[in-house]
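Listed here are the chains, written in short residue letters.
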Amino acid sequence: MEFQTLQLAVQDRIAVVTLNRPPVNAQNAELRGEITQVFDELSDRDDVSVVVLTGAGKVFSAGADIRERPNLGATPGAYGRHNRLVRESFYAVVECSKPVIAAINGPAMGAGFGLVMASDIWVASEEAYVSMPEINVGLAGGVTFLQEVFGRSRARRMFFTGMKVSGAELYRLGLVEACLPPDELMPYAMDLAREIASKSPIALRLAKEAARLTQLMPSRDAYRYEQGNTVALSKTEDAKEAQRAFLEKRAPVYVGR
């Protein structure tokens, strides 16, 4: 599949999705549609175990392309269609059946930070920062997700002021796995992706599903759900192979069944 506003590369069970809409990877309708499309595709691909999401150039994503917004009110239903595109591009990442690593190569603002928050694991460049600056253009959105990530005071300060939080501060707060010089970011993210890709594909799929769904459940129901997954996985060929490999002190060879 050819994409106009992003790049996709797949090798060794790792997919790298690069936002590529110069100069700052601002999200217009085309990019949002392609984000939804590529993550739906990767969810179904048997040759992919993990996804790395990053941005081309020095910016991860500057958020929404504000130039699209002034004309939205001219046509009935335009705002509804716009909001649907925004939601679906976010939830395509959230609901991807494969773990998603956000390699935050530079500023991730507004909807750009939304894509980071939709991802499972974050790694930041020393040149990265995140912010939710909608208040600076007379708008307000994103506090739902800010309050899932940050404490009450920090989340609301960011929402009310557009405050920037640096990669180093994200690391101090324990929100990113590492804060690295720019040239070390992708090697670190790829090493992490290779470690994840070495696991059983069927176990990874259920692990991603459990990580997402148990957040929505009472703890007793969530634990029972996970126990059910463990029972189901114990009957797979991959689980038997993993146990044999452990006893034989060798690397397992998984078949995804």
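Residues numbered from 1 in each chain as written. Predicted model: local features only at pLDDT ≥ 70, side-chain atom pairs only at ≥ 80, totals over all residues. Heavy atoms only, no water.

**Let's talk about the overall build of the protein chain**
Secondary structure assignment for the protein chain yields 10 helices and 9 strands. By the compact-globule yardstick of 18 Å for 257 residues, the protein chain fits well, its C-alpha radius of gyration being 19 Å. For the protein chain, the spread of C-alpha atoms along the three principal axes comes to 60 × 40 × 40 Å. Counting all 257 residues of the protein chain, 44% fall into the buried class. A separation of at least 24 residues holds for 66% of the contacts in the protein chain among residues at least 6 apart in sequence. Accessible surface, the protein chain: about 13,800 Å² in total, of which carbon and sulfur atoms supply 53%. Looking at charge distribution, the protein chain has the averaged site of its 30 positive side-chain charges lying 6 Å from that of its 31 negative ones. (Helix = DSSP H or I, 4+ residues; strand = E, 2+ residues; numbered from the N terminus. Rg over C-alpha atoms; globule rule 2.2 N^0.38 Å. Buried < 20%, exposed > 50% of the residue type's maximum accessible area, 1.4 Å probe, protein only. Contact = heavy atoms within 4.5 Å. Areas by Shrake-Rupley, 256 points an atom, 1.4 Å probe, with all protein chains shown as cover. Lys, Arg positive; Asp, Glu negative; His and termini not counted. Charge placed at Lys NZ, Arg CZ, Asp CG, Glu CD.)

**As for the sheet that holds strand 5 (residues 108-109)**
Within the open sheet, the 3 strands sit side by side as 5-7-8. Their pairing is mixed. Two strands in the sheet have a free side with no partner beyond their single neighbour: strand 5 and strand 8 (165-166). Inspection of the sheet shows strand 5 paired to strand 7 (residues 129-131) by 2 bridges, in the parallel sense. If you follow Met109 over to strand 7, its bridge partner there is Ser131. (Pairing = 2+ DSSP bridges.)

**Notes on the pattern of salt bridges**
In the structure shown here, the tally under the stated rule is 12 salt bridges. Note that Lys208 is salt-bridged to Asp120, the shortest N-O span being 3.0 Å. Linking Lys208 in helix 8 (residues 201-213) with Asp120 in the loop between helix 3 (111-118) and strand 6 (121-125), this pair joins segments that are 88 residues apart in sequence. Salt-bridge contacts for Glu169 lead to Arg172; the nearest nitrogen and oxygen are separated by 2.8 Å. Taken as a pair, Glu169 and Arg172 lie in helix 6 (residues 167-172) at a separation of 3 residues, close to a single helical turn. Its relative accessible area of 18% is what places Glu169 among the buried residues. The exposed category is assigned to Arg172, whose relative accessible area is 59%. Overlapping salt bridges bring together Glu241, Arg244, Glu248 and Arg250 as one network. (Salt bridge = Lys/Arg side-chain N within 4 Å of Asp/Glu carboxyl O.)

**Considerations on the packing of helix 2 (residues 78-94) against helix 3**
Viewed as axis vectors pointing N to C, helix 2 and helix 3 meet at an angle of 25°, and their least axial separation amounts to 8 Å. In terms of orientation, helix 2 and helix 3 fall into the roughly parallel class. Between helix 2 and helix 3 lies a crossing of right-handed hand. In contact with Ser89, Phe90, Val93 and Val94 of helix 2, helix 3 contributes Gly114, Leu115, Met117 and Ala118. By residue class, the composition of the contact of helix 2 with helix 3 is 6 nonpolar, 2 polar and no charged. (Axes fitted to C-alpha atoms, helices over the stretch in contact; angles between N-to-C directions. Parallel < 35°, antiparallel > 145°, perpendicular 65-115°, else oblique. Left-handed = near helix turned anticlockwise from the far one by under 90°. Nonpolar A, V, L, I, M, F, W, Y, C, P; charged D, E, K, R; others polar.)

**Let's talk about the packing of helix 1 (residues 29-44) against helix 2**
For the pair helix 1 and helix 2, interaxial distance at closest approach is 8 Å and the crossing angle is 35°. Read as a crossing pair, helix 1 and helix 2 show a hand that is left-handed. Of the residues in helix 2, those touching helix 1 at Ala29, Arg32, Gly33, Ile35, Thr36, Phe39 and Asp40 are His82, Leu85, Val86, Glu88, Ser89, Ala92 and Val93. Split by residue class, the contact of helix 1 with helix 2 holds 7 nonpolar, 4 polar and 3 charged.

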